[in-house]
Amino acid sequence: MSAEPRERLFLIDGSHTLYRSYHAIRVLTTSKGFPTNAIYGFLQILNKIVREHSPEYLAVVFDAPGPNFRHEAYPEYKANRPPMPEDLSVQIPWIRKLLETYRVPCVELRGYEGDDVLATLAHLARQSGLDAVLVTGDKDLCQMVEPGIRMLDPKRDAIVGPEELGSEYGIPCDKLPDLFALTGDSIDNLPGVPGVGPKTAAALLQQFGSLDELLRRTGEIEKPRLRQLVEEHRERILKNRTLVRISTDVPLDPDLERFRRQAPDAAGLREIFRSLEFHRLLEELPAERTLRDDLYRLVLDEGALEELVRALEESREGFALDLETTSRNPALAEPVGISFAVDGDRAWYVPVGHVVLGAPAQLPLERVLDRLRPLLEDPGRPKFGQNIKYDLLVLKRKGVEVGGVAFDTMLASYLLDPSRKAHALADLALQFLQHRKITYQEVTEGGKAGRQIGFEEVELDAASRYSCEDAHATYRLTRILGDRLLEEGLSPLFHEIEMPLIEVLLDMEFRGIRIDVPFFSELAVEFRRQLADLENRIHEIAGEPFNVSSPQQLAKVLFKTLRLPVIKRTKTGPATDVKVLTRLAAEHPLPRLVLDYRSASKLLSTYVEALPRLADPLTGRVHTCFNQAVTATGRLSSSDPNLQNIPIRTAEGRRIRRGFIPEDGKLLMSADYSQIELRILAHVSEDERLLESFANDEDVHTRTASQIFDCDPALISDDMRRQAKVINFGVIYGMGAYGLAEALGIPRKTAQTFIEQYFAHYGGVKAWREACLEQCRASGYVTTLLNRRRLLPEIVSRDAPVRALAERTAINTPIQGTAADIIKLAMIRIHRRLRSDSLETRMLLQVHDELVFEVPEAELERARQLVREEMESVIPLKVRLKVDIQSGRNWSEAH
């Protein structure tokens, strides 16, 4: 009968784990810029040990501050170690606080190194009938491995014993101090025997059995030079062994019961994880539900509906609302239910479209909307929502124009941290309410064969809990996030731009833009013919047929058949991405044809074939979605379909734009800011020459070219102006010599000369860039002219590529973000003017610096004047904002 397995004491080498975590994770900070990389890495190792090994006993050992007995014996011990980095030292108190909250004891003792404490505890464990596992990657501790004491190196992810380590080093573990004495240790500032590495040292110890025996019989060392070196450094070798040999007699409390593992303080961990913004670790904690749900009500009859109406009428502070529907696409969605929440933790769910078998009778949608319409449309009653534009659009399609929209929790979260990957309600509830929501997945799983069901099939009780919780969480978050916006100085931006913009985007999405479906059918034929021609030309040049869309087959043709140079490699072989093909196109015609093929193929599938399928069959109009909470710079994005990525500078892109048309009797009008980012740069930098160029209405690119190439503006060629244009905009995007060289296809040295000449001419721009970077390093963020904030704590990263990216972003964001703010503000003002002046002109699209309108022919001049007035006067700058306005029978003509 086998013996019972022994309980184990896992001893974590805290100091080694601390440094390893710090270096393993290059950049990780809170939104305020506090470094958390070492803390997070340390916790990952701790959690992995607990999760995968379930140790009965657990402790962490740290090096105590100050010298130890080795320093007394050898003052130069570890003298070459640099001081602890400041961004690591500030994390140590948090690690200690976390270990206390995890209820994992920490051990350290002045005068002794952590290795000696670890070794002593391991021996005490053996004497107490426990197995010990040393969690470390420190090779010095390998000498302690013996039966009952093993090692776990988190990097190797395997527990090893004396046999594995003996095989690795070629000698028994207890002889490792002899080996380290010969090789020395550069980390501890212990020089070894010159030229003696681990293999040579192991061979000597295998031959002589021990270091003592080797030193007694040095005359038997076969190689004369090696024999001489060992004899010359005898004292050094013996001193090294004394210093590397780990002590096991540190005076410690022998009671190991204090290390028996306990359950962590979950509440304390939640508080720390929230402070450190460890959202994923927060999600992994046991479920916590802080929102009370005993006041949730399911509305199934007229009496309950009247009770809801009275509660909403009495709630003067406003109410939160949330729709459940059949689709994420608001153009296709049908309401399934609607929930409301007011103060006092009260919430109601009104089902109107559940089709689950056996469900009780529900109130008709028309009846519910008729009864709630006065409240929903009342502009004096504040409404709150999460991504509320979606709910407003669904209700608008049902004839309800919601008024008094006061707060969107998703947009508030976005303004507070625009770099955050997601602003989902569940994440916000967990972070700010410490509440784990019921997930959509949880209420919609469990259909036949485990399929995901639609919300209309969800049981009413489950649907009510889920939807009421959504509205309830939204209501609670409204106050919390509102206070945060106020504290951060973001309330004006939120209430004067982002919230009013919802109404503008709502109307734009509801209206959509008309497309010429027959035209796109003809265009598809042309694109397919063009692709076939390109494919034939590619095959002809390659000398063989192959799948042009296959990276592997293309790589074979490029690098084996045509013997073109390999620019970059990936895990699967030579890269064939856009940058690689662009560089190769300078050497051979085939890569350029492949780029043309890829571009035409993408345009065909993304737009030419897809747009007719997305058009409303009755109106022929396409309804894109404009997203306010996606880009970190503040720009709007477009999706389903994305109408912002149709190229304007290519013939194919212009042909696609020809397919966007107005209604009969109307025109499309495009209003495009001219060089808005350069004008903003002139304003913020106050560069005299840049201001002068715009004041005199000069061509800025020509002027820059004349300075860089040192010639008269009249002699500037189109190519010289193109290069100057790349430089002008490259400055805005924080481009350096390497990026400029790539963009222009010129040597890096030449690019550096261009940049130096640019800054010599535009000294104000250079000074602004330096001041912008300095301010960002000091505060951890940059702002636009309207105070939109971009957090960039990584600008002080010790990782050069990460720091360089943050610096480029710090230069770009105030410019591009201000441009985004300006056009959003212009959209709001134009929208209001069109309404107040009773014009039929309507805004349809926003594409970066361009607005597209559908204009009755009779209103064209009035609309042109109104749009120009609002766009050019939207914000006072030191240079005039200039707008180019054109119109036509399709989008291409209007641009």
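A brief structural summary. (Residues numbered from 1 in each chain as written. Predicted model: local features only at pLDDT ≥ 70, side-chain atom pairs only at ≥ 80, totals over all residues. Heavy atoms only, no water.)

Structural notes on the sheet that holds strand β10 (residues 319-325)
The strand order β9-β12-β11-β10-β13-β14 describes an open sheet built from six strands, whose pairing is mixed. With partners counted over all chains shown, the strands left at the sheet margins are β9 (296-298) and β14 (405-408), one partner each. Pairs of neighbouring strands in the sheet enclose a mean axial angle of 25 degrees, with direction left out of account. Pairing of β10 with strand β13 (residues 383-385) involves two bridges; the strand directions are parallel. Residue pairing across strands places Phe319 opposite Lys383, the latter belonging to β13. (Pairing = 2+ DSSP bridges. Helix = DSSP H or I, 4+ residues; strand = E, 2+ residues; numbered from the N terminus. Axes fitted to C-alpha atoms, helices over the stretch in contact; angles between N-to-C directions.)

Regarding the nonpolar core
Ranked by internal contacts, the top residues of the largest apolar core, which has 193 residues, are Ile656, Phe660, Tyr673 and Leu681. Here the element with the most residues in this core is helix α36 (residues 800-836); it accounts for 13 residues. Counting residues in each nonpolar core, the second largest holds 55 residues, with Leu11, Leu121, Leu204 and Leu229 among its members. (Core = buried A, V, L, I, M, F, W, Y, C linked by side-chain atoms within 4.5 Å. Buried < 20%, exposed > 50% of the residue type's maximum accessible area, 1.4 Å probe, protein only.)

Some details on the sheet that holds strand β1 (residues 8-13)
If you trace the six strands from one edge of the open sheet to the other, you get β3-β2-β1-β4-β5-β6, paired in mixed fashion. Edge positions in the sheet fall to β3 (106-107) and β6 (158-160), since each has one partner strand and no second. Looking at chain direction, β1 and strand β2 (residues 57-61) are connected through five bridges and run parallel. Along β2, the bridge assignment pairs Ile12 with Val60. Contacting β1, β2, β4 (131-135), β5 (149-153) and β6, helix α2 (residues 37-53) crosses the sheet at an angle of about 165 degrees to β1. (Contact = heavy atoms within 4.5 Å.)

Looking at the packing of α2 against helix α5 (residues 92-102)
The axes of two packed helices give the description: the angle between them and the distance between them. Taken N-terminus to C-terminus, the directions of α2 and α5 make an angle of 30 degrees; their axes are 10 Å apart at the nearest point. In this view, α2 runs roughly parallel relative to α5, as classed from their interaxial angle. The crossing of α2 and α5 is right-handed. Counted together, Ala38, Ile39, Phe42, Leu43, Leu46 and Asn47 of α2 and Trp94, Ile95, Leu98, Leu99 and Tyr102 of α5 form the full contact between these two elements. When the residues that make up the contact of α2 with α5 are grouped by side-chain class, the tally is ten nonpolar, one polar and no charged. (Parallel < 35°, antiparallel > 145°, perpendicular 65-115°, else oblique. Left-handed = near helix turned anticlockwise from the far one by under 90°. Nonpolar A, V, L, I, M, F, W, Y, C, P; charged D, E, K, R; others polar.)

Focus: the side chain of Thr36
Considering the arrangement of structural elements, one finds Thr36 in the loop between α1 (14-24) and α2. By relative accessible area, which is 1% here, Thr36 ends up buried. The residues contacting Thr36, other than those within four sequence positions of it, are Leu28, Thr29, Thr30, Gln91, Leu276 and Phe278.

Focus: the side chain of Arg274
You can see Arg274 is positioned in helix α13 (residues 266-276). Under the relative-accessibility criterion, Arg274 is labelled buried at 18%.

Re helix α12 (residues 234-244)
Among the residues making up α12, those that are buried are Ile237, Asn240, Arg241, Leu243 and Val244. Buried residues of α12, seen end-on, are gathered within an arc of 165 degrees and therefore sit on one face of the element. Counted as exposed and oriented over 90 degrees from the buried face of α12: Glu235 and Thr242. (Arc of directions from axis to C-beta.)

Remarks on the packing of aromatic side chains
Applying the stated criterion to the full structure yields 16 aromatic pairs. Here the aromatic rings of Tyr440 and Tyr466 are separated by 6.1 Å at their centres, their planes lie at 65 degrees, and the arrangement is edge-to-face. Taken together, the residues span a long stretch of sequence, with Tyr440 in helix α20 (residues 440-444) and Tyr466 in helix α21 (residues 460-487) at a distance of 26 residues. Among the residues examined, Tyr466 registers a relative accessible area of 8% and is labelled buried. Ring centres 5.8 Å apart and planes at 80 degrees place the aromatic pair Phe519 and Phe520 in the edge-to-face group. Residue Phe519 shares its accessibility class with Phe520, and that shared class is buried. (Phe/Tyr/Trp six-rings, centres within 6.5 Å; stacked < 30°, edge-to-face > 60°.)

A look at the state of the cysteines
Throughout the structure, instances matching the rule amount to zero disulfides. Here Cys776 is not disulfide-linked; the sulfur of Cys772 is the nearest cysteine sulfur, at 6.8 Å. (Disulfide = S-S within 2.5 Å.)

Side note on unusual backbone geometry
Leave glycine aside and you will find that most residues have negative phi; peptide bonds, for their part, are mostly trans. For the bond running from Asp640 to Pro641, omega is 0 degrees, close enough to zero to count as cis. Inspection of the secondary structure assignment puts Pro641 in the loop between β20 (637-639) and α28 (651-657). Although it is not a glycine, Ser54 sits at a positive phi angle of roughly 40 degrees. Its place among the elements puts Ser54 in the loop between α2 and β2. Located in the positive-phi region is Gln675, a residue other than glycine, with phi close to 50 degrees. With respect to the helices, strands and loops of the structure, Gln675 is situated in the loop between β21 (666-673) and α29 (676-685).

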